[in-house]
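Here's the letter readout for the chains.
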Amino acid sequence: MTEIKQIAGLASDRLLNIERHLECRYIQPGHLPGALTLVARRGEVAYVKAQGFMNRTNVDAAYRELRLDGSRDLTMEALVNQLAELPLEFSPGTAWNYSVSTDVLGYLVQLLADQPFDEYLRENIFDPLEMPGTGFGLGFSVKTDVAKSQTNGSVGEYGWGGLASTSFFVDPVEELVMIFMTQLIPSSTYPIR
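Computed from a prediction, not measured in an experiment: that's the story for all the values here.

**Description of the side chain of Glu157**
No. 1: Of note, Glu157 is situated in the loop between α6 (146-149) and β6 (158-161).
No. 2: Aside from chain neighbours lying at most four places away, what touches Glu157 is Ser141, Val142, Lys143, Asn152, Phe169, Val170, Asp171 and Pro172.

Now the structure itself:
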């Protein structure tokens, strides 16, 4: 009998079912533009996969190849210097796309203010407005009855579902974390959460 490879106690061949399911049922038929899914257990990433919308254009592919898509390996200055070597995705004002533009703006604020971006925000925005924290709030779900929830999981599991069909949950009993990111409004269009 063949031994099934496991990552953090999860069968790797079963985790690949996530990819096949999303690809066949949602991405190929055009129901979702793409998705990013992450599953971790006991602090170890067992599965992560981006599907669909990646590398739409040559510029998008270049961003990803150079890891200019949110990697924490780069300082803001190094990010901006590498971006300066690439063409724009499209002419300013003609279209919109998720991007690292807010990172570039943060770098410019830091440069013009001659101080680190976080210090600038604290001194000029957060402290004057008496905002010690900037979290999204406590809009989490907490599972108190597994049978009533009609979903798998454990009592004490908590999570959140976003407007554009994004979702995550943490199951402390199973030591399991799942993050699912896509962009589809309304989130009730397909039963993907």
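**Looking at the nonpolar core**
No. 1: Leu10, Leu15, Leu22, Leu32, Val39 and Phe180 are the most contacted members of the largest nonpolar core, which totals 16 residues.
No. 2: Listing elements by their share of this core, those giving two or more residues are α1 (12-27), β3 (35-41), β4 (44-51) and β8 (176-181).
No. 3: Take this core: its biggest share by element is four residues, from α1.
No. 4: Among all residues touching Val39, those that are not within four sequence positions of it are Leu10, Leu15, Ile18, Glu44, Val45, Ala46, Tyr47, Leu176, Val177 and Met178.

**Section: the sheet that holds strand β5 (residues 141-142)**
Paired through their backbone hydrogen bonds, the strands of a sheet run either parallel or antiparallel.
No. 1: The sheet built from six strands is open, its strands ordered β4-β3-β8-β7-β6-β5 with antiparallel pairing. Of all the strands in the sheet, the pair left with one neighbour each is β4 and β5.
No. 2: The sheet contact formed by strand β7 (residues 167-171) and β8 spans five bridges and is antiparallel. Looking at β8, one finds that Val170 is bridged to Val177.
No. 3: Contacting β3, β4 and β8, α1 crosses the sheet at an angle of about 20 degrees to β4.

**As for the packing of helix α3 (residues 76-83) against helix α4 (residues 101-113)**
No. 1: It is the contact of α3 with α4, at a shortest axis distance of 10 Å, that shows an interaxial angle of 120 degrees. Classified by the angle their axes make, α3 and α4 are oblique. When you trace α3 past α4, the crossing you get is left-handed. Touching Met76, Glu77, Leu79, Val80 and Leu83 of α3 are Asp103, Val104, Gly106, Tyr107 and Gln110, all from α4.
No. 2: Class assignment of the residues belonging to the contact of α3 with α4 gives a composition of six nonpolar, two polar and two charged.

**Things to note about the environment of Pro172**
No. 1: Mapped onto the secondary structure, Pro172 falls in the loop between β7 and β8.
No. 2: Judged by relative accessible area, which is 45%, Pro172 ranks as partly exposed.
No. 3: In this structure, Pro172 is in contact with Gly156, Glu157 and Tyr158, ignoring residues within four places of it in sequence.

**Some remarks on the environment of Ser99**
No. 1: Of note, Ser99 is situated in the loop between α3 and α4.
No. 2: Judged by its relative accessible area of 44%, Ser99 is partly exposed.
No. 3: C-alpha of Ser99 to C-alpha of Glu130: the two residues are 31 residues apart in sequence and 30 Å apart in space.

Cut-off values and rules
Sequence order as written defines the numbering, with residues in each chain counted from 1. Local features are withheld for residues below a pLDDT of 70 in this predicted model, meaning they are given only at 70 or higher, and side-chain atom pairs are given and counted only at 80 or more; totals for whole chains, interfaces and linings count all residues. For the side-chain quantities, the full set of heavy atoms in the structure was used; hydrogens and water were omitted. Strands here are runs of E lasting at least two residues and helices are runs of H or I lasting at least four, both read from the DSSP assignment and numbered beginning at the N terminus. Contacts were defined at the residue level, with two residues in contact if any of their heavy atoms lie within 4.5 Å. What is meant by a nonpolar core is a set of buried Ala, Val, Leu, Ile, Met, Phe, Trp, Tyr and Cys residues, joined one to another through side-chain atoms within 4.5 Å. Any residue under 20% of the maximum accessible area for its type is buried, any over 50% is exposed, and the rest in between are partly exposed; the area is computed with a 1.4 Å probe on protein chains only. At least two bridges found by DSSP between two strands are what make those strands a pair. Axes here mean lines fitted to C-alpha atoms, for a helix over just the part in contact, with angles spanning 0 to 180 degrees between N-to-C directions. What sets the label is the angle itself: under 35 degrees gives roughly parallel, over 145 gives roughly antiparallel, 65 to 115 gives roughly perpendicular, and the rest give oblique. Here is the rule for handedness: rotate from the far helix to the near one, and if that takes an anticlockwise turn smaller than a right angle the crossing is left-handed, while a clockwise turn gives right-handed. Three classes are used, and their members are as follows: Ala, Val, Leu, Ile, Met, Phe, Trp, Tyr, Cys and Pro are nonpolar, Asp, Glu, Lys and Arg are charged, and the others, Gly among them, are polar.

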